[in-house]
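# Summary of structural features
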Amino acid sequence: MLIITVCAACAGILTGILYHGEMPDVFGPFAAVWLLTILLTIIGGVKAFVERVFCEKMFFYGFLTNLILGTIIAFLGLQLSVDLYIVVSIVLTLRIFRDASDIRKQLFSN
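My aim in this report is to walk through the structure given alongside it, one point at a time. Predicted model, so just to flag it, every value in this text is computed and none were measured.

Taken N-terminus to C-terminus, the directions of helix 2 (residues 28-50) and helix 4 (residues 84-109) make an angle of 20°; their axes are 9 Å apart at the nearest point. In this view, helix 2 runs roughly parallel relative to helix 4, as classed from their interaxial angle. You can see that helix 2 and helix 4 cross each other, and the crossing is left-handed. Classifying every residue of the contact of helix 2 with helix 4 by side-chain character gives 16 nonpolar, five polar and four charged.

Here's what the structure looks like:
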C-alpha cells in the first residue's frame with residue numbers, strides 16, 4: 001500500500017510539473033494550504049513508517065482531515081478579509097519540520 005501511495009504522489013508531482021496551465025488567482029491561498037498538507041502527509045507517513053506504526057487508514061484520514069480543516073480555515077479567512085491561510089501555512093510548516101526532526105532522531109538513534 002505504501003508503494004502505491006508513493007507512486008501516486010510521484011505521478012501527481014510529475015503531472016503538476018508538466019502541466020503548464022494557469023490557476024485562477026482565487027485558488028492561490030488554497031494552493032499553499034493544499035501543497036503543505038500534501039507534504040505534511042508524506043513526511044508524516046514516512047515518520048510513521050520509520051517508527052513502525054504506519055496505518056493506511058490513519059494516513060488517509062489524517063490527510064483528509066488536514067486538507068478539509070485547512071481549506072475551511074483559509075476560506076473563512078477570505079470571507080472575513082483576514083489572511084488566515086498564512087496561519088495555516090505556518091502551522092503546517094512547523095509540523096513538517098517537527099516530523100522531519102523526529103525522523104532524523106529515529107534514524108540516527110539506531
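Considering the arrangement of structural elements, one finds Asp99 in helix 4. Using a relative accessible area of 6% as the deciding quantity, one classes Asp99 as buried. Among the polar contacts made by the side chain of Asp99, one reaches the side chain of Arg98 at a distance of 3.5 Å. Contact partners of Asp99, with chain neighbours within four places excluded, come to Leu40, Ile43, Gly44 and Lys47.

Attention shifts here to the nonpolar core. A general tendency of soluble globular proteins is for nonpolar side chains to be buried together. Judged by nonpolar contacts, Phe30, Val33, Leu36, Leu40, Ala74, Val88, Leu92 and Ile96 together constitute the single largest core of eight residues. Elements that contribute at least two residues to this core include exactly helix 2 and helix 4. Those residues in contact with Leu92 that lie beyond four places of it in its chain are Val33, Leu36, Thr37 and Leu40.

Attention now moves to the pattern of salt bridges. The full count for this structure, using the stated rule, is three salt bridges. Between Lys47 and Asp99 there is a salt bridge, with its nearest N and O atoms 3.5 Å apart. In this pair, Lys47 is assigned in helix 2 and Asp99 in helix 4, connecting sequence segments 52 residues apart. The exposure class assigned to Lys47 is buried, which follows from its relative accessible area of 17%. The partner of Lys47 in a salt bridge is Asp102, and the shortest N-O contact between them spans 3.1 Å. Of the two residues, Lys47 sits in helix 2 while Asp102 sits in helix 4, which places them 55 residues apart along the sequence. By relative accessible area, Asp102 is classed as partly exposed at 21%.

Conventions and cut-offs
- Here, residues in each chain are numbered from 1, in the same order as that chain's written sequence.
- Where totals are concerned, whole chains, interfaces and linings use all residues; where local detail is concerned, this predicted model gives features only for residues with pLDDT of at least 70, and gives and counts side-chain atom pairs only at 80 or more.
- With hydrogens and water stripped out, all remaining heavy atoms of the structure feed into the side-chain values.
- Here, axes are lines fitted to C-alpha atoms. For helices the fit covers the stretch in contact, and angles between N-to-C directions go from 0 to 180 degrees.
- Numbering of helices and strands runs from the N terminus; a helix is a DSSP stretch of H or I covering at least four residues, while a strand is a stretch of E covering at least two.
- Under this scheme an angle from 65 to 115 degrees is roughly perpendicular, one under 35 degrees roughly parallel, and one over 145 degrees roughly antiparallel; angles in between are oblique.
- Left-handed describes a crossing whose near helix is turned anticlockwise from the far helix by less than a right angle; the clockwise case is right-handed.
- Gly is put with the polar residues, along with every residue not named as nonpolar or charged; the nonpolar set is Ala, Val, Leu, Ile, Met, Phe, Trp, Tyr, Cys and Pro, and the charged set is Asp, Glu, Lys and Arg.
- A simple rule labels every residue: compare its accessible area, found with a 1.4 Å probe on the protein chains alone, to the largest value its type can have, and call it buried under 20%, exposed over 50%, or partly exposed in between.
- Polar contacts, as used here, are pairs of N or O atoms within 3.5 Å; protein pairs need one atom able to donate a hydrogen and one able to accept it. Residues neighboring in sequence count only if both atoms are side-chain atoms.
- The contact rule is simple, with two residues in contact once any of their heavy atoms fall within 4.5 Å.
- Residues enter a nonpolar core if they are buried and are Ala, Val, Leu, Ile, Met, Phe, Trp, Tyr or Cys, with the set joined through side-chain atoms within 4.5 Å.
- Just to be clear on terms, a salt bridge is a Lys or Arg side-chain nitrogen sitting within 4 Å of an Asp or Glu carboxyl oxygen.

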